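Here are the chains, one letter per residue:
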Amino acid sequence: MKPRMLKANTWWVGAIDWDRRLFDELIPLPDGTSYNAYLVQGTQKTVLIDTVDPTMTSPLIDNLVQLHIKDIDYVIINHVEQDHSGTLPEILKLYPNARVIATPNGKNLLMNLLLIPESKIKTVEHGETMSLGDKTLEFIHTPWVHWPDTMCTYLREDRTLFSCDFFGSHLAMSDLYVTDEATVYEAAKRYYAEIMMPFRKIIKSNLEKLKDLKINVIAPSHGPLYNKPEFILEAYRDWTYSPPKNTVVLPYISMHGSTKKMVEYFVNSLVERGITVKQFNLADTDIGKLAMALVDAASIVVGTPTILVGPHPNVVYAVYLTNALRPKLKFASIIGSYGWGGMMVRQITAMLSNLKVELLDPVVIKGYPKEDDFKALDKLADEILSKHKEHDLI
Ligand SMILES: Cc1cc2nc3c(=O)[nH]c(=O)nc-3n(C[C@H](O)[C@H](O)[C@H](O)COP(=O)(O)O)c2cc1C
Ligand SMILES: [Fe+2]
Ligand SMILES: [Fe+2]
């Protein structure tokens, strides 16, 4: 994709990765992604804001060549993860006079991850500004969106916020700005769930830091730019501040149908009580969808048979991930089946230690569910209903 002008002398010079299907060897990318880099030319200085993934070195360099960029004074590294900084060594070879700007944490990571010499790096403090002549940049430290090093760069005159991972979405698309809010909402929520949710408390303080800025455009380093920033700011406020919803997330697996029968019955039981259920068969699920469902669910009920004494390994994976993502969940329980005995409940419970959830009595049965087992599932559904009511979620 060729350079695209945002404003006079401000360009998108990034790369669109239509084909990538996995990020960090973990996160599914159903819609690809983009690595947005930006070039800002002031009357006195030229800066490049972020670079691109190392696999996309050529498109970035081609864009700089097309714009006839002979000198870059500074490369601003808002975040040192390689999808944004990985091309920096190449850029520094092509533009040997360029210096790198990062937060103090960013400097440390640049030296260790990319072996950038210390003398090349200038650190900036929160609130520090830099004049490019007719344009002014302000650096806003926003730690933990996504790593401890992250910052946003604000271009005052144009009121553009270059936010890197913050407000990003893994979406490859030809439109520069958001055109279809529903599509972008889904991708941005998925991105938030996978990348941002574990740092919810710090995100609140980062949103506070942006509160008084006048922002016309948010230009993240993944996905389309927001020329109506309130759309994504409001979504982030909802995801971070709002109480969870009257929803049960139900990741499960079943080898021979017993747990599946329990899940089928239990889902109906919850639905009859007016509770929304998001059910995921972990035999083949997109973990991004599961993460997204966890953003605003009040309860999780894990369904698993006992296998080799504990939960099914796919369930271990999903529970481990849920615990690491630290969603707003308030209640948790377990349903499932065993043949002779084991420690399935104990093992799952131990894996939920990050979550501030109340554990509701599990329903773990021998073999295929029988009449009393269905009654126990109804009781658990009643319990969830009354807990959701107590918390004003219904
Ligand atoms: C590979 C395998 C390992 C199992 N290991 C255990 C075990 O360690 N303890 C136990 O109580 N049951 C064990 N079982 C029995 C299952 O937990 C039991 O059949 C259960 O009803 C299966 O539920 P499902 O139909 O939802 O898969 C094992 C079954 C399989 C297929
Ligand atoms: Fe990142
Ligand atoms: Fe990123």
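Our structure's up above, just so we're on the same page.
Small disclaimer: the values here were computed from a predicted structure and weren't measured.

(A) Molecular detail of the packing of aromatic side chains. Overall, the coordinates contain 11 aromatic pairs when judged by the stated rule. Judged by centre distance (5.4 Å) and plane angle (85 degrees), the rings of Y192 and Y236 are edge-to-face. Of this pair, Y192 sits in helix α5 (residues 181-196) while Y236 is found in helix α7 (residues 230-241), placing the two residues 44 residues apart along the sequence. Taking relative accessible area as the criterion, Y192 reaches 0% and is therefore assigned buried. Judged by its relative accessible area of 0%, Y236 is buried. Relative to F374, the ring of Y265 has its centre 4.6 Å away and its plane inclined at 35 degrees; by these criteria the two rings are tilted. Taken as a pair, Y265 in helix α8 (residues 258-272) and F374 in helix α12 (residues 371-390) lie far apart in primary sequence, 109 residues in all. Accessibility expressed as a relative area gives 29% for Y265, which makes it partly exposed. F374 sits in the buried class, given a relative accessible area of 18%. An aromatic cluster of three or more residues is present, and its members are F166, F167, Y185, Y192, Y236 and W239.

(B) Main features of the coordination of the iron ion (ligand 2). Protein coordination at the iron ion (ligand 2): the donors are H79 (NE2), E81 (OE), H146 (ND1) and D165 (OD), at 2.0 to 2.3 Å from the metal. In this structure, the iron ion (ligand 2) is coordinated by four donor atoms arranged in irregular fashion, with angles at the metal of 79 to 167 degrees. Sequence spacing of the donors to the iron ion (ligand 2): H-x1-E-x64-H-x18-D. The distance between the iron ion (ligand 2) and the iron ion (ligand 3) is 3.5 Å, with D165 acting as a donor to both metals.

(C) Local environment of the packing of helix α9 (residues 287-294) against helix α10 (residues 313-325). As a packed pair, α9 and α10 sit with axes 11 Å apart at the nearest point and diverge in direction by 45 degrees. One way to sum up the angle between α9 and α10 is to call them oblique. α9 and α10 meet at a crossing whose hand is right-handed. Contacts from I287, L290, A291 and L294 of α9 reach α10 at Y317, A318, L321, T322 and L325.

(D) Representation of the coordination of the iron ion (ligand 3) in the model. Within the protein, the iron ion (ligand 3) binds to D83 (OD), H84 (NE2), D165 (OD) and H222 (NE2); these donor distances fall in the range 2.1 to 2.2 Å. Taken together, the four donor atoms surrounding the iron ion (ligand 3) define angles of 81 to 169 degrees at the centre, an arrangement classified as irregular. Sequence spacing of the donor residues for the iron ion (ligand 3), all on one chain, is D-H-x80-D-x56-H. Residue class for D165 comes out buried when judged on its relative accessible area of 1%. Judged by relative accessible area, H222 falls into the buried class, the value being 0%.

(E) Region of the structure containing the environment of D382. One can find D382 in helix α12. Of the residues examined, D382 reaches a relative accessible area of 40% and is grouped as partly exposed. Distance from D382 to S269, taken between C-alpha atoms, is 8.7 Å for residues 113 residues apart in sequence.

Thresholds, definitions, all that
Residues numbered from 1 in each chain as written. Chains lettered and ligands numbered in written order. Predicted model: local features only at pLDDT ≥ 70, side-chain atom pairs only at ≥ 80, totals over all residues. Heavy atoms only, no water. Phe/Tyr/Trp six-rings, centres within 6.5 Å; stacked < 30°, edge-to-face > 60°. Helix = DSSP H or I, 4+ residues; strand = E, 2+ residues; numbered from the N terminus. Buried < 20%, exposed > 50% of the residue type's maximum accessible area, 1.4 Å probe, protein only. Donors = N, O, S within 2.8 Å, 3.2 Å for Na, K, Ca; no water. Tetrahedral: all angles 85-135°; square planar, octahedral: opposite > 155°, others 65-115°. Axes fitted to C-alpha atoms, helices over the stretch in contact; angles between N-to-C directions. Parallel < 35°, antiparallel > 145°, perpendicular 65-115°, else oblique. Left-handed = near helix turned anticlockwise from the far one by under 90°. Contact = heavy atoms within 4.5 Å.

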